[in-house]
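# Commentary on secondary and tertiary structure
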Amino acid sequence: MLVLLAGIFVVHIATVVMLFVSTIANVWMAGTSTMGANSTGLWLDCDAVKCRQIAFAEGDMPSLKAVQAFMILAIIFSFFSLVMFVVQLFTMEKGKRFYITGAIMLICWLFILIAVSIYTARFPHYFTDPRDHHGYSFILAWICFCFSFIIGILYLVLRKK
């Protein structure tokens with residue numbers, strides 16, 4: 001049981017780090033153009049020469065702000081869940097379950113789901129070139145989505161021994 005909890009703890013730390021990288025890196029969409037490699041993230045649009053503010057249509061900017069907000073909330077809740085796990089590990093009686101930690105992690109999972117779903121639904125029409133593809137930040141966000149769901153469920157099921 002101790003090995004399982006340690007493994008979950010390591011995966012949880014990896015999820016927090018991947019969420020952070022996914023949110024701050026500007027590679028949600030990547031591709032090549034006549035000027036070289038380019039990438040677009042949640043914050044900047046970068047090409048081989050420089051980075052600039054994202055230039056989506058005015059109607060899509062609230063959606064981008066929502067994606068940014070939900071990814072930041074996911075990082076906060078994932079980190080808070082990690083702290084709650086450590087607190088519960090040392091203060092909770094034996095035989096009890098990690099309900100609070102699991103619930104907070106499932107809220108994080110929901111925030112990731114909302115953010116990535118909005119991005120998937122609202123922004124693919126900006127990247128119509130056949131050389132454009134989803135970047136590693138977008139893929140990391142989906143991996144964090146899977147990990148946070150699995151970790152949240154495991155926290156709800158596991159008991160402190």
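Let me begin by describing the structure that accompanies this report. Remember, it's a predicted structure, so these values are computed and weren't measured experimentally.

## Remarks on the pattern of salt bridges
On inspection of all chains with the given rule, the structure shows two salt bridges. Of the charged contacts, one joins R52 and D47 as a salt bridge, the two residues approaching to 3.2 Å between their closest N and O atoms. What makes R52 partly exposed here is its relative accessible area of 36%. For D60, the salt bridge identified is with R122, shortest N-O distance 2.6 Å.

## Structural notes on the nonpolar core
With 35 residues, the main nonpolar core has L19, W28, M71, I112 and Y119 as its most contacted residues. Taken together, the elements giving at least two residues each to this core come down to α1 (2-24), α2 (61-91), α3 (99-122) and α4 (136-157). The contacts of M71, once residues within four sequence positions are left out, are L19, S22, T23, W28, L42, A115 and A141.

## Things to note about α1
Here α1 contains 23 residues, and its C-alpha end-to-end distance of 33 Å stays within 8% of the 33 Å for a straight helix at 1.5 Å per residue. Tucked inside the fold, the buried residues of α1 contact α2, α3 and α4.

## Regarding the sheet that holds strand β1 (residues 29-33)
Ordered by their spatial adjacency, five strands build an open sheet running β4-β3-β2-β1-β5, and the pairing between neighbours is antiparallel. Pairing within the sheet leaves two strands with one partner each, and these edge strands are β4 (51-53) and β5 (133-134). Bridge count between strand β2 (residues 36-40) and strand β3 (residues 44-46): two bridges; the pairing is antiparallel. What sits directly across from S39, in β3, is C46.

## Details of the environment of D132
Position of D132 among the secondary structure elements: in the loop between α3 and β5. Taking the C-alpha atoms as reference, D132 lies 9.9 Å from A37; in sequence the two are 95 residues apart. Those residues in contact with D132 that lie beyond four places of it in its chain are A30, G31, T32 and F127.

## Points about the packing of α1 against α2
Geometry of a packed helix pair, given as the angle between the helix axes and the separation of the axes. Contact pair α1 / α2: the axes reach a minimum separation of 9 Å and the direction vectors enclose 160°. What the angle tells us is that α1 and α2 run roughly antiparallel. Here α1 runs over α2; the crossing is left-handed. Contacts from L5, F9, H12, I13, V16, L19, F20, S22 and T23 of α1 reach α2 at M71, I72, A74, I75, S78, F79, S81, L82, F85, V86 and L89. When grouped by side-chain class, the residues that make up the contact of α1 with α2 number 15 nonpolar, five polar and no charged.

## As for the layout of surface pockets
Volume-wise, the largest pocket comes out at about 280 Å³. Every residue lining the largest pocket is counted, 20 residues in all, and those nearest its centre are N38, S39, T40, D45 and F127. If you tally residues by element for the lining of the largest pocket, the top one is β1, at five residues.

## Quick notes on the packing of aromatic side chains
Tallying each qualifying case throughout the model produces 13 aromatic pairs. Between the aromatic rings of W109 and F145, the centroid separation amounts to 5.6 Å while the plane-to-plane angle is 20°, which identifies the pairing as stacked. Of this pair, W109 sits in helix α3 while F145 sits in helix α4, and the two are 36 residues apart along the sequence. Ring geometry for Y119 against F138: centres 6.0 Å apart, planes inclined by 45°, an arrangement best described as tilted. Pair noted here: Y119 is in helix α3 and F138 is in helix α4, with a separation of 19 residues, a long-range link. Accessibility classification places Y119 together with F138 in one group, the buried group. Site record: aromatic cluster; members linked through ring pairs are W28, W109, Y119, F138, W142, F145 and F149.

Definitions and limits used
- Residues numbered from 1 in each chain as written.
- Predicted model: local features only at pLDDT ≥ 70, side-chain atom pairs only at ≥ 80, totals over all residues.
- Heavy atoms only, no water.
- Salt bridge = Lys/Arg side-chain N within 4 Å of Asp/Glu carboxyl O.
- Buried < 20%, exposed > 50% of the residue type's maximum accessible area, 1.4 Å probe, protein only.
- Core = buried A, V, L, I, M, F, W, Y, C linked by side-chain atoms within 4.5 Å.
- Helix = DSSP H or I, 4+ residues; strand = E, 2+ residues; numbered from the N terminus.
- Contact = heavy atoms within 4.5 Å.
- Expected span 1.5 Å × (residues − 1).
- Pairing = 2+ DSSP bridges.
- Axes fitted to C-alpha atoms, helices over the stretch in contact; angles between N-to-C directions.
- Parallel < 35°, antiparallel > 145°, perpendicular 65-115°, else oblique.
- Left-handed = near helix turned anticlockwise from the far one by under 90°.
- Nonpolar A, V, L, I, M, F, W, Y, C, P; charged D, E, K, R; others polar.
- 1 Å grid on protein atoms, 1.4 Å probe; cavity = no way out; pocket = protein on both sides within 12 Å on 5 of 7 lines; lining within 4 Å.
- Points joined across faces, edges and corners; volume = space filled by probe spheres on them.
- Phe/Tyr/Trp six-rings, centres within 6.5 Å; stacked < 30°, edge-to-face > 60°.

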